[in-house]
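This is what each chain is made of:
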Amino acid sequence: MGTTPTPDAGQAGPAAALGAVDFEEVQQRPRFRELRRRHRSFVFPMAAAFLLWYFLYVLLADYAHEFMSTKVVGNINLGLILGLLQFVTTFAITMWYVSYANRKLDPIAAELRSELEAGAVPTETGGSK
Amino acid sequence: MNVLTVLPATATAAPTQAGEPWINMTIFGLFVAITLVIVLRASRNNKTAADYYAAGRSFTGSQNGTAIAGDYLSAASFLGIVGAIAINGYDGFLYSIGFLVAWLVALLLVAELLRNTGKFTMADVLSFRLKQRPVRIAAATTTLAVCFFYLLAQMAGAGGLVSLLLGINDKLGQSLVITVVGGLMILYVLVGGMKGTTWVQIIKACLLIAGAFVMTVWVLAMYGFNFSALLGDAAATAGTTDVLNPGLQYGASGTSKFDFISLALALVLGTAALPHVLMRFYTVPTAKEARKSVVWAIWLIGAFYLFTLVLGYGAGALIGADAIQAAPGGVNSAAPLLAFHLGGPLLLGLISAVAFATILAVVAGLTITAAASFAHDIYANVVRRGKVDPDGEVKVARRTVVVIGVLSILGGIGAQGQNVAFLVALAFAVAASANLPTIIYSLFWKRFSTRGAVWSMYGGLAAAIVLIVFSPVVSGSETSMIPGADFAFFPLKNPGIVSIPLAFFLGWLGTVLDKAGEDPAKQAEMEVRSLTGVGAEKAVDH
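Identification of chain A as DUF485 domain-containing protein from Arthrobacter hankyongi is taken from an unreviewed UniProt entry.

(A) Summary view of the overall build of chain B. Within chain B one finds 21 helices and zero strands. Here chain B has a C-alpha radius of gyration of 23 Å; the compact-globule value for 542 residues is 24 Å, and the two agree. Counting only C-alpha atoms, chain B reaches 70 × 55 × 45 Å along its principal axes. Within chain B, the proportion of its 542 residues that are buried is 68%. Relative to all contacts within chain B whose residues are 6 or more apart in sequence, the contacts with residues 24 or more apart total 82%. With the model as given, the accessible surface of chain B reaches about 16800 Å², and the carbon-plus-sulfur share is 68%. Across chain B, 32 positive and 25 negative side-chain charges occur, with their mean positions spaced 11 Å apart.

(B) Just the side chain of Thr143(B), in detail. All names here are of chain B. The residue Thr-143 is located in helix α8 (residues 132–165) in this model. Take Thr-143: its relative accessible area is 5%, and that puts it in the buried class. If we skip the residues at most four places from it in the chain, Thr-143 touches Met-122, Pro-275, Thr-369 and Ser-373.

(C) Representation of the environment of Ala50(B) within the structure. All names here are of chain B. Tracing the backbone shows Ala-50 in helix α2 (residues 49–54). Accessibility expressed as a relative area gives 0% for Ala-50, which makes it buried. Put simply, Ala-50 and Glu-537 are 487 residues apart on the chain and 9.5 Å apart in space, counted from C-alpha to C-alpha.

(D) Up close: the UniProt feature "transmembrane region" (unreviewed entry) in chain A. Residue and element names in this part refer to chain A. The UniProt entry lists residues 41–60 and 80–98 under the feature "transmembrane region" (unreviewed entry), expressed in the numbering used here. Across residues 41–60, helical content stands at 100% and strand content at 0%; the span's end C-alpha atoms are separated by 29 Å. Regarding residues 80–98, the helix share stands at 100% and the strand share at 0%, and the terminal C-alpha atoms are separated by 28 Å.

(E) Main features of the interface of chain A and chain B. The interface of chain A with chain B comprises 69 residues on the first partner and 74 residues on the second. Buried area between chain A and chain B, summed over both chains or domains, comes out near 6200 Å², and the portion from carbon and sulfur atoms is 68%. Here chain A is connected to chain B by four salt bridges. Top element by residues in the side of chain A that touches chain B is helix α5 (residues 78–120) of chain A. It accounts for 21 residues.

(F) Main features of the nonpolar core. Residues Trp103(B), Leu108(B), Tyr305(B) and Tyr313(B) are the most contacted members of the largest nonpolar core, which totals 230 residues. With 29 residues, the top contributor of residues to this core is helix α15 (residues 334–383) of chain B. Ignoring sequence-local partners within four residues, the contact set of Leu108(B) consists of His39(A), Phe42(A), Val43(A), Met46(A), Ala47(A), Phe50(A), Ile93(A) and Tyr97(A).

(G) A look at the layout of surface pockets. Estimated volume of the second largest pocket: approximately 310 Å³. Surrounding the second largest pocket, 22 residues form its lining, Arg113(A), Asn116(B), Ala287(B), Lys288(B) and Thr532(B) being those nearest its centre. At the level of secondary structure, the elements contributing two or more residues to the lining of the second largest pocket comprise α3 (30–63) and α5 of chain A together with α6 (103–117), α13 (287–318) and α21 (520–532) of chain B. When residues in the lining of the second largest pocket are grouped by element, the largest group, six residues, is from α5(A). Residue composition of the lining of the second largest pocket, grouped by class: ten nonpolar, six polar and six charged.

(H) Just the packing of aromatic side chains, in detail. Following the criterion strictly, the structure yields 31 aromatic pairs over all chains and no others. A ring pair is formed by Phe44(A) and Phe444(B), whose centres lie 5.0 Å apart and whose planes are at 65°; its orientation type is edge-to-face. Taken together, the residues Phe44(A) in helix α3 and Phe444(B) in helix α18 (residues 436–444) connect one chain to another. For Phe44(A), a relative accessible area of 38% corresponds to the partly exposed category. Look at Phe444(B) and you get buried, because its relative accessible area is 14%. Ring geometry for Phe213(B) and Phe307(B): centres 5.6 Å apart, planes at 55°, overall tilted. Here Phe213(B) is found in helix α9 (residues 171–222), whereas its partner Phe307(B) is found in helix α13, with 94 residues between them in sequence. Since its relative accessible area comes to 46%, Phe213(B) is described here as partly exposed. Take Phe307(B): its relative accessible area is 14%, and that puts it in the buried class.

(I) Quick peek at the pattern of salt bridges. Under the counting rule described, the total for this entry stands at 16 salt bridges over all chains. With a shortest N-O distance of 3.0 Å, Glu25(A) and Arg29(A) are connected by a salt bridge. For Glu25(A), a relative accessible area of 37% puts it in the partly exposed group. Linked through salt bridges whose partners overlap, the residues forming this network are Asp106(A), Glu112(B), Lys288(B) and Arg291(B).

Criteria and cut-off values
Residues numbered from 1 in each chain as written. Chains lettered and ligands numbered in written order. Predicted model: local features only at pLDDT ≥ 70, side-chain atom pairs only at ≥ 80, totals over all residues. Heavy atoms only, no water. Helix = DSSP H or I, 4+ residues; strand = E, 2+ residues; numbered from the N terminus. Rg over C-alpha atoms; globule rule 2.2 N^0.38 Å. Buried < 20%, exposed > 50% of the residue type's maximum accessible area, 1.4 Å probe, protein only. Contact = heavy atoms within 4.5 Å. Areas by Shrake-Rupley, 256 points an atom, 1.4 Å probe, with all protein chains shown as cover. Lys, Arg positive; Asp, Glu negative; His and termini not counted. Charge placed at Lys NZ, Arg CZ, Asp CG, Glu CD. UniProt positions renumbered as here; feature names shortened; annotations may be inferred. Buried area = accessible area lost by both parts, 1.4 Å probe. Salt bridge = Lys/Arg side-chain N within 4 Å of Asp/Glu carboxyl O. Core = buried A, V, L, I, M, F, W, Y, C linked by side-chain atoms within 4.5 Å. 1 Å grid on protein atoms, 1.4 Å probe; cavity = no way out; pocket = protein on both sides within 12 Å on 5 of 7 lines; lining within 4 Å. Points joined across faces, edges and corners; volume = space filled by probe spheres on them. Nonpolar A, V, L, I, M, F, W, Y, C, P; charged D, E, K, R; others polar. Phe/Tyr/Trp six-rings, centres within 6.5 Å; stacked < 30°, edge-to-face > 60°.

Listed below in structure tokens is the structure:
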């Protein structure tokens, strides 16, 4: 057995049938390169941004006690507001990514997928029902 | 008359129990009965390995997301964070932020690509284009190590909880309860497989989040929905406004501040590398559903941590740090005590049952992950070199469940009294060091090689564990596991800040020094599959 995950017994899905596909050729196709570019150009900067923002917050909470203890409204201080803002940014990035993926990633991925699954084995298209 | 004896302000005589044990036991018994019926019904279709490990890939994104929340919001999150906020104020809140933000790593970098390239375990993804045997052995080793730390934490938590909720204070009685919890967990996993485990987690997540929501609204209503007033009362009860500001727990010294950075790093990078979380992504049919799972999980987990903020300060205001620490179960008793204060024995019983269910569900999820890793990676692919039918593999997985269950019962009895939140933080540190670098590299770095993977996994695992052994957690202070000895030369309690960068570095170094390189065709196949989802195993129809 090679390093490819084998399909389950009695379940000849497209995984088995894709053996004929030249993945190195697919990797070079402009459509695929576009998909990879779109994916990475979103997730890498976003991951870097939220990690920086999180660690900025951690460092402030850890070393800038006076600043974080500044009262803003009633008993609510800057530390609490910045902490709650971490929640807000997490929710916002989540929604942003979902909408980006739905618009920019899923259509190309689906297009490539159906191309490959149809091209690989014309007799057995979409082997997994 | 054994209704709560905690509330008297003269908390000198340590109260022995809270509420009516029989109510707690009845509600917990009901939960067990209902979930067992569901598990039995769900297990009728467990035939293949995909059924047993991945629930036939038949869950929807929202179901799986709820189950992820159920898996993730362990007793340490619920009891631990509420207690930490009640006693240490703002610093307890810091924990929950790390636990939530970490999900973005899973959402952006891991979940979908992993779903598209693997089958059951983390090792499936790594061995896609790297050399099967060394990588599988390494990945199974790290998976088992992380599961072990996490299991110990949960089982140790069970013991402490029992003393508070059932009024069982002697060691023998607590051990007996740990054995019962462990036995139930074995039964769930053995019979129900991933499908049964997932349903237990879904039910538990709904109960936990609903319970926390009701208590949150209740507490806020007592202060006219004025959060500032609640904070003011918490500061008044504590006698200092320090509970509203950072620094009470981690601000003590330069070392403790540095320790907090180390903890933050481990929390944010550990979540997306926890094996039992990774395995959950295989229970859905497509990458899109995997994405949806994480989105659901983020909303549920985020909402829950917002509730714990209110509950923690509520417990601090209404019960007070001294009374909480004097109660059996110490810090962990804040949430149950608050429930009793609000709703009497009935609400306490409900919340206690939920806490028990939490431990049960999390332990079940960990056990099935460890068993899958052993049976699928070590037995089927390394020992038998893939020449095994799925039935045989599932048989081995079931036997492994029993072995791990027995080990975790013994470990739980041995680990009684250890700090639960700590053990969990250590599990995160081990996961972030041993697993995350390799996962990220193999998904995104074309050149990444087998040697890099093996060095990173073993190096990260060894560094994390060695630093823990020589840290103040194990020796050198009165709260250590071995209070008498002192061989703690590493000053930090959490090893993440050293072991995580080291594991990233080793992965890079091993790859650069590996002249052989890997098959570019395999890399191409993995990249195309991971992004397009072509050939990914779909749901099994029943």
